[in-house]
Amino acid sequence: MNIAIVGSGYVGLVSGVCFAHLGHDVICVDIDKEKVKNLRAGKVPIYEPGLEVLLKKYLKNKKLTFTTSIKEATKKSIAIFIAVGTPSKKNGDADLTYVENVAREIALCMDDYKLIIEKSTVPAETGKKIERTIKLNLQKKYRKGAKNSIDFDVASNPEFLREGSAIEDFMNPDRVVIGVESKKAEKLLREIYRPLKPKMVVTNINSAELIKHASNSFLAAKISFINAVSQICDHLGADIEMVAEGMGYDKRIGRAFLNAGIGYGGSCFPKDVDAFIRLSEKSGYNFRMLKEVRAVNEEQKENFLKLIEEKLWIVKGKTIGVLGLAFKSNTDDMRNAPSIDIINALKLEGAKIKAYDPEGMPNAKKVFKGLTYCKDPYALAKGCDCLLLLTEWDEFAKLDFKKIKAAMRQAILFDGRNFYHDQDMEALGFEYYGIGRSLTERKG
Ligand code: UGA
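Rules of the game
- Residues numbered from 1 in each chain as written.
- Predicted model: local features only at pLDDT ≥ 70, side-chain atom pairs only at ≥ 80, totals over all residues.
- Heavy atoms only, no water.
- Helix = DSSP H or I, 4+ residues; strand = E, 2+ residues; numbered from the N terminus.
- Contact = heavy atoms within 4.5 Å.
- Areas by Shrake-Rupley, 256 points an atom, 1.4 Å probe, with all protein chains shown as cover.
- Lys, Arg positive; Asp, Glu negative; His and termini not counted.
- Charge placed at Lys NZ, Arg CZ, Asp CG, Glu CD.
- Buried < 20%, exposed > 50% of the residue type's maximum accessible area, 1.4 Å probe, protein only.
- Pairing = 2+ DSSP bridges.
- Polar contact = N/O pair within 3.5 Å; in protein donor to acceptor, adjacent residues only side chain to side chain.
- Axes fitted to C-alpha atoms, helices over the stretch in contact; angles between N-to-C directions.
- Parallel < 35°, antiparallel > 145°, perpendicular 65-115°, else oblique.
- Left-handed = near helix turned anticlockwise from the far one by under 90°.
- Nonpolar A, V, L, I, M, F, W, Y, C, P; charged D, E, K, R; others polar.
- Near = heavy atom within 4 Å.
- Domains from an automatic or database assignment.
- Buried area = accessible area lost by both parts, 1.4 Å probe.
- Salt bridge = Lys/Arg side-chain N within 4 Å of Asp/Glu carboxyl O.
- Phe/Tyr/Trp six-rings, centres within 6.5 Å; stacked < 30°, edge-to-face > 60°.
- Core = buried A, V, L, I, M, F, W, Y, C linked by side-chain atoms within 4.5 Å.

Counting its secondary structure elements, the protein chain contains 18 helices and 14 strands. Seen through its C-alpha atoms, the protein chain measures out along the principal axes to roughly 80 × 50 × 40 Å. Within the protein chain, contacts between residues at least 6 apart in sequence are counted, and of these 72% link residues at least 24 apart. Total accessible area on the protein chain stands at roughly 20700 Å², and carbon and sulfur atoms take up 53% of it. The distance from the centre of the 71 positive side-chain charges to the centre of the 59 negative ones in the protein chain is 6 Å.

Attention now moves to the environment of S329. Relative to the helices and strands, S329 resides in the loop between β9 (319–323) and α13 (338–348). Spatially, the C-alpha atoms of S329 and A124 are 31 Å apart, while their sequence positions differ by 205 residues. For S329, the contacting residues outside a window of four places in its chain are G164, T391, E392 and W393.

Our focus in this paragraph is α13. Here α13 has its buried residues at P338, S339, I340, I342, I343 and L346. Buried residues belonging to α13 abut α12 (288–312), β9, β10 (352–356), α14 (361–367) and β12 (386–389). Count one or two residues on from α13 and you reach G350, which has phi positive near 100 degrees.

Read from one edge of the open sheet, six strands run β11-β10-β9-β12-β13-β14, paired in parallel fashion. Of all strands in the sheet, those bounded by a partner on one side alone are β11 (372–373) and β14 (431–433). Across five bridges, β9 lies against β10 in parallel orientation. Counterpart to L323 in the pairing with β10 is Y356.

What follows deals with the environment of N216. Turning to its location among the elements, N216 is positioned in helix α9 (residues 205–236). Among the residues examined, N216 registers a relative accessible area of 8% and is labelled buried. Taking the C-alpha atoms as reference points, N216 and P270, 54 residues apart in sequence, are found 9.5 Å from one another. With residues up to four places along the chain from it excluded, the contact list for N216 reads C268, F269 and D272. A polar atom in the side chain of N216 sits 2.6 Å from the side chain of D272.

Let's shift gears to the packing of helix α11 (residues 269–282) against α12. Interhelical geometry of α11 versus α12 gives an angle of 155 degrees and a closest axis separation of 10 Å. Considering their axes alone, α11 and α12 lie roughly antiparallel with respect to each other. Crossing hand, α11 versus α12: left-handed. Contacts between α11 and α12 involve V273, D274, F276, I277 and E281 from the first element and L290, K291 and R294 from the second. The residue makeup of the contact of α11 with α12, split by class, is four nonpolar, no polar and four charged.

Right, let's talk about the site of the ligand for a bit. Within the structure, the ligand sits among 19 residues, and L161, E163, K212, K328 and R417 are positioned closest to it. Taking N216, its side chain carries an N or O atom lying 2.8 Å from an oxygen atom of the ligand. In the model, an oxygen atom of the ligand is placed 2.7 Å from a nitrogen or oxygen of the R417 side chain. Considering the ligand on its own, with 710 Å² of exposed area, one finds that the protein chains cover 92% of that surface. Looking at the shell around the ligand, the elements with two or more residues in it are α9 and α11. Partitioned by chemical class, the residues of the shell around the ligand number nine nonpolar, three polar and seven charged. For the shell around the ligand, the two domains that each supply at least three residues are domain 1 (2–203) and domain 2 (248–443).

Our focus in this paragraph is the domain arrangement of the protein chain. Taken domain by domain, the protein chain comprises domain 1 (2–203) and domain 2 (248–443). If you look at the interface, domain 1 gives 17 residues, while domain 2 gives 19 residues. Roughly 1300 Å² is buried in total at the junction of domain 1 and domain 2, and carbon and sulfur atoms are behind 47% of that figure. For domain 1, the biggest contributors to the area lost against domain 2 are Y47, D93 and E163; these three give 45% of the whole. Our count for the domain 1 to domain 2 interface comes out at three salt bridges. Of the charged contacts in the structure, one is a salt bridge between E163 and R335, with a shortest N-O distance of 3.6 Å. At the surface where domain 1 touches domain 2, the tally comes to seven residue pairs in polar contact (both at pLDDT 80 or more). Its residues placed into classes, the side of domain 1 that touches domain 2 shows seven nonpolar, six polar and four charged.

Attention shifts here to the packing of aromatic side chains. Counted by the stated rule, this structure contains 14 aromatic pairs. Seen in terms of ring centroids, Y47 and W393 are 6.3 Å apart; in terms of plane orientation they differ by 50 degrees. Their pairing is tilted. Placement of the pair is Y47 in the loop between α2 (33–40) and α3 (51–60) and W393 in the loop between β12 and α16 (401–407), with a sequence separation of 346 residues. Of the residues examined, W393 reaches a relative accessible area of 5% and is grouped as buried.

The next thing to look at is the nonpolar core. Membership of the largest hydrophobic core comes to 58 residues, with the highest contact counts inside it found for I320, V322, L325, L346, L388, F414 and Y420. Tallying contributions element by element places α12 first for this core, with five residues. The next biggest cluster of nonpolar side chains, apart from the first, holds 45 residues, and it includes A79, F81, L188 and L189.

Should the charged atoms of two oppositely charged side chains come close, the side chains can pair. All chains considered together, the criterion is met by 32 salt bridges. The partner of D341 in a salt bridge is K301, with the nearest N and O atoms 2.9 Å apart. Taken together, the positions of D341 in helix α13 and K301 in helix α12 put the pair 40 residues apart, joining distant regions of the chain. Put simply, D93, R278, E281, K282 and K291 are held in one network by salt bridges that share partners.

Structure (structure tokens):
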């Protein structure tokens, strides 16, 4: 099928490459000329495992092309996915300016049936607004003497990809959700995803939009729940890792997203939780539970800072080494990374910060001023009064901690992801502090 994807950001680019992999002819659009030039040359602007290899493969056999022209993409395609950014406004609402602009442009240049599919995460009823925008603009065109009005459908097809494992998630989805209002739209979307043989959830547009909001918010709630429990563990001499394991075996609960740590970050959960709270308010419901999810997430960083302040005693003048900057492993994405608030707070208190991240440093340089970036964890450890593990990269599991310890001024490790085994670290001679791993014991 001929497919267009408007917006070659994270979601758009991964979806475009993967649709080409499924055998479709895909044309991706972006307004950024430089980005399009680089993508045509096979250069991926983000770090995502496996993406560049597939991009190059489908550029070569021309299953995948890039353009800056919505008109060109619209003419060539029957199905057009909108995957442009929906940033948060100051009040938490999603800013849908780009979505509206794209819908208008598609309407003005389409001259036969199109299925327009929203893929960006958007508040419920956006599909209806896209439909209205297209109708109004078609009417305008119609008045100007173009041919008879044109048939079209709008659909919703939220994505559930995680950064760092996006290709894998696309190819093996737990489910594909489609919100449709016509048989024709349903048939086309089923055809697009047919090669994956996925579990399809077919519903109306508003329900599909809500499934995305509710899913992300529920996952965020799971994380905040376990983080709240971790605070109790700290004071009761319990271990959150064992609590999560014991809970996780219950099939009704599941172990996934029960990793306690320094809270969730990224471009999705913080923004989507805000947007769902706002959406609920507008529907007349005060979603208090989600407000608490957000508050617990913020507290988690503050509690980690308190722990550092307590154990390091004097922060001013100390050298702190930070292992991991990106909001999670396998990505270079710094958006809403917990490292931002933690590092900024420590800098404000007068600490000197050294940092290392396998992929995140180029983006981190745009976020922080006055950090010393190191070429590897050993250079990082040199002269440090403590280390903070903020992102759980695989390569941090294989470090030679004897060498690290020898390079440090004092061997204190604050593990913001419970990545290391506490007793192993203590056996290596580190003073080790994780999240919810029993403060009582440490005090003793
Ligand atoms: C999330 C969802 O998982 C995807 O299904 C969704 O498609 C995507 O948002 C989106 O809306 O675009 P993503 O933000 O890429 O994906 O990453 P996650 O793996 O969900 O992690 C989000 C944050 O939660 C990270 O900061 C991670 O470190 C944190 N996290 C995750 C925890 O603190 N504990 C956990 O147990 C799991």
